[in-house]
Each structure stands twice: as C-alpha cells, then as structure tokens.
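# Chains, contacts and geometry: an overview
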Amino acid sequence: MNILFAVSEAFPLAKTGGLGDVGGSLPAALKEQNIDVRVIMPRYSSIPVYLQEQIEYVATFKVELSWRKIQCNLCRLHYNDVYYYLIENENFFNREKLYDYWDDAERFAFFSKAVLESLTKLGDFQPDIIHCNDWHTALIPLIMKENYGNNPFYFDIKTLFTIHNLKHQGVFPAEVFEDVLGLGGHVSAWEKLEFHGGINYMKAALLSADYITTVSQTYADEIIHPYFGEQLDGVLRARIDNLCGILNGLDTQKYNPQDDPNLVVNYRSSLCKKEENKKHLQELLSLPVRTDLPIIAMISRLVDQKGLDLVAHVLEEILSMDLQLVVLGTGDKKYEEMFEHFAAKYPHKVAIQLVFNEALAHKIYAGSDILLMPSQFEPCGLAQMIAMRYGAIPIVRETGGLKDSVDPYNEYTGEGNGFTFANYNAHELLFTIQRAVRFFYDDKVAWKGLAENARKSDFSWAKSAKKYGELYQSLTQAGEY
Ligand code: ADP
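Attention in this report is confined to the structure presented alongside it. (Residues numbered from 1 in each chain as written. Predicted model: local features only at pLDDT ≥ 70, side-chain atom pairs only at ≥ 80, totals over all residues. Heavy atoms only, no water.)

### Side note on the sheet that holds strand 17 (residues 393–397)
Strands sit in the order 15-14-13-16-17-18 across an open sheet of 6 strands; the sheet is parallel. Both outer strands of the open sheet, strand 15 (350–353) and strand 18 (419–421), are each paired with one neighbouring strand and no more. Between one strand axis and the next, the sheet turns by 15° as a mean value, whatever way the strands run. Across 2 bridges, the pairing between strand 13 (residues 295–299) and strand 16 (residues 370–373) is parallel. By the bridge assignment for strand 16, A297 is matched with L371. (Pairing = 2+ DSSP bridges. Helix = DSSP H or I, 4+ residues; strand = E, 2+ residues; numbered from the N terminus. Axes fitted to C-alpha atoms, helices over the stretch in contact; angles between N-to-C directions.)

### What about the pairing of strand 5 (residues 82–88)?
For strand 5, the tally of buried residues reaches 5 of 7 residues, placing the bulk of the element in the interior. Here 7 bridges tie strand 4 (residues 68–79) to strand 5, and the two strands are oriented antiparallel to one another. Across the sheet, the residue bridging to Y79 is V82, located in strand 5. Between the end of strand 4 and the start of strand 5, which pair antiparallel, lie 2 residues, with N80 showing a positive phi angle near 55°. (Buried < 20%, exposed > 50% of the residue type's maximum accessible area, 1.4 Å probe, protein only.)

### Considerations on the packing of aromatic side chains
Taken as a whole, this structure holds 23 aromatic pairs when the rule is applied. Between F92 and F110 the ring centres are 4.9 Å apart and the planes differ by 45°, which places this aromatic pair in the tilted class. Here the residue F92 occupies a position in helix 3 (residues 90–93), and F110 occupies one in helix 4 (residues 104–118), the gap between them amounting to 18 residues. An identical accessibility class is assigned to F92 and F110; each is buried. An angle of 90° between the planes, with centres 5.5 Å apart, marks the rings of F440 and Y441 as edge-to-face. You can call F440 buried: its relative accessible area is 4%. Site record: aromatic cluster; members linked through ring pairs are Y44, F92, F93, Y99, F108, F110, W135, F172 and Y201. (Phe/Tyr/Trp six-rings, centres within 6.5 Å; stacked < 30°, edge-to-face > 60°.)

### Here's the deal with helix 5 (residues 139–148)
Because an α-helix completes one turn every 3.6 residues, residues spaced three or four positions apart along the sequence face the same direction. Most of helix 5 sits out of view: 7 of its 10 residues are buried. For helix 5, the complete set of buried residues consists of L139, I140, P141, L142, I143, M144 and Y148. Residues of helix 5 that are buried make contact with strand 1 (2–6), helix 4, strand 6 (129–133), strand 7 (158–163), helix 7 (187–193) and helix 8 (201–208). (Contact = heavy atoms within 4.5 Å.)

### Let's talk about the site of the ligand
For the ligand, the set of nearby residues contains 23 residues, the closest of which are G18, D21, R301, V355 and Y365. Contact between the ligand and D21: an oxygen atom at 2.7 Å from a side-chain N or O atom of the residue. Measuring from an oxygen atom of the ligand, one finds a side-chain N or O atom of Y255 at 3.4 Å. Contact with the protein chains removes 93% of the 570 Å² of surface that the ligand exposes when unbound. Residue contributions to the shell around the ligand peak at 3 residues, all from helix 15 (residues 358–367). In terms of residue class, the shell around the ligand is made up of 11 nonpolar, 6 polar and 6 charged. Each of domain 1 (2–249 + 462–478) and domain 2 (271–456) contributes no fewer than three residues to the shell around the ligand. (Near = heavy atom within 4 Å. Polar contact = N/O pair within 3.5 Å; in protein donor to acceptor, adjacent residues only side chain to side chain. Areas by Shrake-Rupley, 256 points an atom, 1.4 Å probe, with all protein chains shown as cover. Nonpolar A, V, L, I, M, F, W, Y, C, P; charged D, E, K, R; others polar. Domains from an automatic or database assignment.)

### Side note on the packing of helix 13 (residues 308–319) against helix 14 (residues 333–345)
Angle between the axes and distance between the axes: these two values describe a pair of packed helices. Running from N to C, helix 13 and helix 14 point in directions that differ by 5°, and their axes come no closer than 11 Å. When the axis of helix 13 is compared with that of helix 14, the two are roughly parallel. For the pair helix 13 and helix 14, the contacting residues are L308, D309, V311, A312, L315, E316 and L319 in the first and Y335, M338, F339, F342 and K345 in the second. A class-by-class count of the residues in the contact of helix 13 with helix 14 yields 9 nonpolar, no polar and 3 charged. (Parallel < 35°, antiparallel > 145°, perpendicular 65-115°, else oblique.)

### Comments concerning the nonpolar core
I163, L181, L193, Y201 and F339 are the most contacted members of the largest nonpolar core, which has 178 residues in total. Counting contributing residues per domain, this core is built from domain 1 (2–249 + 462–478) and domain 2 (271–456), each supplying no fewer than three. Residues contacting Y201, with those up to four places away along its chain left out, are A105, A109, W135, A138, L139, Q169, G170, F172, V176, L181 and L193. (Core = buried A, V, L, I, M, F, W, Y, C linked by side-chain atoms within 4.5 Å.)

### Quick look at empty space enclosed by the protein
Taken as a whole, this structure holds 1 cavity of 30 Å³ or more when the rule is applied. Space inside the largest cavity adds up to approximately 70 Å³. In this structure, the largest cavity is lined by Y267, R268, S269, S270, L271, K274, G391, K448, A451, E452 and R455. At the level of elements, helix 12 (271–284) and helix 19 (444–456) are the ones that each hand at least two residues to the lining of the largest cavity. (1 Å grid on protein atoms, 1.4 Å probe; cavity = no way out; pocket = protein on both sides within 12 Å on 5 of 7 lines; lining within 4 Å. Points joined across faces, edges and corners; volume = space filled by probe spheres on them.)

### Points about the layout of surface pockets
Approximately 740 Å³ is the volume found for the second largest pocket. As for the second largest pocket, its lining consists of 32 residues, and the residues nearest its centre are N80, D251, T252, Q253 and K254. Sorting the residues of the lining of the second largest pocket by element identifies helix 1 (18–31), strand 5 and helix 15 as the ones contributing at least two each. Ranked by the residues each element gives to the lining of the second largest pocket, the list is headed by helix 1, at 7 residues. When grouped by side-chain class, the residues that make up the lining of the second largest pocket number 13 nonpolar, 10 polar and 9 charged. Two domains each donate at least three residues to the lining of the second largest pocket, and these are domain 1 (2–249 + 462–478) and domain 2 (271–456).

### So, the pattern of salt bridges
In the structure shown here, the tally under the stated rule is 24 salt bridges. Residue K15 pairs with E358 through a salt bridge whose shortest N-O separation is 3.3 Å. Here K15 is found in the loop between strand 1 and helix 1, whereas its partner E358 is found in helix 15, with 343 residues between them in sequence. For R38, the salt bridge identified is with D36, shortest N-O distance 3.4 Å. (Salt bridge = Lys/Arg side-chain N within 4 Å of Asp/Glu carboxyl O.)

Structure follows, in structure tokens:
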C-alpha cells in the first residue's frame, strides 16, 4: 500500500508546533507497519542547511493558478528512511516564517495543486491514498475531483483528511475562487467551498475527502457540537459516518530523557538526576536554585486556545504559593505582555522566554515538576505527553486529547498520571494547581508514584499507526472502517 502524506511541516525539516511533530514521526511509524509512506511538503528556505545539502532535483513542471502558469520544481530528500518530496518555488516558500502571509491562500493553493501535478512524476511510486493534513492541504481532495475527474491515473486514488486543529480553516475572500483557484464555473466546487460569502478550504476537504480523521476520539466527539465545531459542526455531523479520532503518538526516540543530547544529565526514573536538570534550568534562567520548590512550566503557543485567560485570572494567587513559573512560548501580544509584567514583578519566581527554541523546550521538560495545559480546546496536544516522558506531571483541562491521555490522579488507589479539571473555570484551575502543589510538598511517596505512572504511560505511535494502517486498508478496499 502506498501513501502520500501531504503536510505543511515535518520535523526536523520544519516545525511550528504539534503538526510538525506528527509530520516528522507518523510516517516513520507507518513504515514500521510495512506501509510505503512518502511525505510531500513545501521546500521552505528555513529547512536546516545539513538537510538542504542532501536534497536532489526530480522534475520541473507548471502549476496553473487561474490564468497564470507558475513554474514548480519537485525535489526529493531521503532522511531517516523516509522519502520527502519537496515542492519548490522561490516566490512562495523562500520566506522567514512558514505561515501568516497576505498571500497564504495562493501559497497553499499552489502547494495543493503542485501535489496533484507531481503524482505522475514520482518515479516508481504511485499512491493509493493521499493523506492530507489541515487546511494547507485541504484543497487536494476537491481539486482532484474537479480537475482530474476524467484522468484514469487518478481514478482509484482515495483521499483521507486529518483535522489537527479545526480552528484554522483557511478562510479567504470569494475572489480567490476564480482568481487563484481558477474554478469559475465549477458550481459543485463553489458549493463545497462557500462559507458566509467567502471560501473555506477546510470545509471543501470535509465535503470532498473519502474519509476524515481527527487526532483524538474526544475531539472527534466534541467537534460535532457548536461549542467546539468552529461553525463547521453541521458539515461534520453530515459526515459522521466517515469520521473518527485516532490519538497522536510521540517520537519516543526524540523525546527520551535517557539519551536526549539537550540535557545536562540523562535519566530514566531517577528523581535525583532529574533534579540536576532542574538546578541547571534555574541557573540558565537566573532563578534561585532551589530544588525544594516545584517548577511549573508552560511550553506553548501563547493563544486563547491554550487557556491563558484562565491563567491570567488567577496568576497572582498561583504566584502567592512557594513555586517557580517557567514560560516558553510565542503568540498573542496580550499574553506576552502579561507574562512580561509578572516576570518583572516577581523576578525570583517567574522566568519567561518568548521565543521558539526546541533545545530549551527539552531542558524545561526535564527540569520542571509540573506542566500546565488548561486548554479551552485541545485536538490532541503533545506537550502533556512529552512532559510525562520526562517525569513532569501535567495539569490539564479535560478536553480533546488531554482527556484521552491524562488520567486524573486518585490518591486512594495511587492510579493516574496527572491532575485534571473539568470546567473552563479559573478557580477550578487554581484549586487543581493548589492540590498538585500540596502533593508535591506533603506527600513525596505519592509524587514519586505519580511521576512513575506518568513515565510509564505509553505514548508511542504503535497503537495509532496500526489504526491508520487498518483505515488505509479499508479505504483502498472501499469497505467500511
Ligand atoms: P500545538 O500543536 O497546538 O501548538 P501541541 O502540544 O500539540 O500544541 O504541540 C506543541 C509542540 O510544539 C510541542 O512539541 C512543544 O514542545 C512545542 N513547542 C511549543 N512552543 C514552543 C516553543 N516556544 N519553543 C519550542 N517548542 C515549542
């Protein structure tokens, strides 16, 4: 079975968040299920130099964006036993960042169309399924039906669309339909794309793909309701028979405290060795070196989704406890300024790094005791899983993948791998932090047990990769999943 995995980021080529982790680790896990998976993504100029040097040229062709025919190079990289096909166009992908440009509608329409054009140029590889991920690739199922419907090469290719975050849909003005996509006159395409007078790439995928998955079962159950549905809950309800959730896994080699090169001391379960990382982190961030108090960490995009308004509401109370807070993240100005304010007010308690820094993230997972993730919604979430691998206890809200990966601690049975709260309420968050901090100070045996439960939780890809394998199989056999 041949799968072409279309995605906008894959670590270590490019990563801005969890999607990059998945793009970098799921294909490798699928290969272990004997599936021939190849990744296709843009060739960003930010791909690290040591990888750029290994990229080889494959083909050149034209991609049509309405009346324009734009030149595109197809390149290839073989890394970690996975083939990456790279769509190259200087104008679109030679930029400082991956996203958030005025012409994103055009950039990712170009990418999606280039993916379809490249299918006949992949040499000996002919995909049975194109596995598309998030809005950047959401045009692929629609355009394949609209523009390649009469081409026998494409007849049997199935499409799977995975929602990593329903919040980001690729919504653009109606003019894009004709001026960029060149779909003027395609009535059925307009019906699938139309969204409050404009167009919505993700909506088109939800209505065109053969099957839809999202990244946890709880999120799959949530997004069919208006609160989580981001105005597409009706569309999702219409496709409920072709929708399921498959929990993301982790690259357990990359996130392994036993041989993580970013740590000062590697460890497995030793709390003493973990403490060495804690001291190092405190020194690094100019916090008082004290191993007796808990470090609470947030490693996150600083956006509403991550529950930061709850944190803002009770941050004074949180900081009145004897603890340190470490924040690594970038995002909305209002949250960056909030943390800057508290770091200035409590320099001995709060350390912030408003940057994206992979190595520092690893040091923080290893050096902290608690990871805070009170998300408003969370399709899967990887930070809580990574934290647990490093023996940091997650405090999460019970939503999406957080609910599916964190079992609330039960002090009577000793079961559970973290602390959870149900409602989107700042005081529930505060009480849960207070409870966790109490265990940290007053019950070292319980804390050790919790850390052990967290460490032993299985977040490898094996189970989920098997589920994807079964789904691919049923799709190619056109059966029911
Ligand atoms: P999301 O995909 O919504 O951003 P996830 O929890 O699924 O959230 O994944 C976030 C990933 O990005 C994790 O690997 C986390 O460690 C990493 N990350 C988030 N912010 C930063 C940052 N500022 N620096 C380094 N890594 C970060």
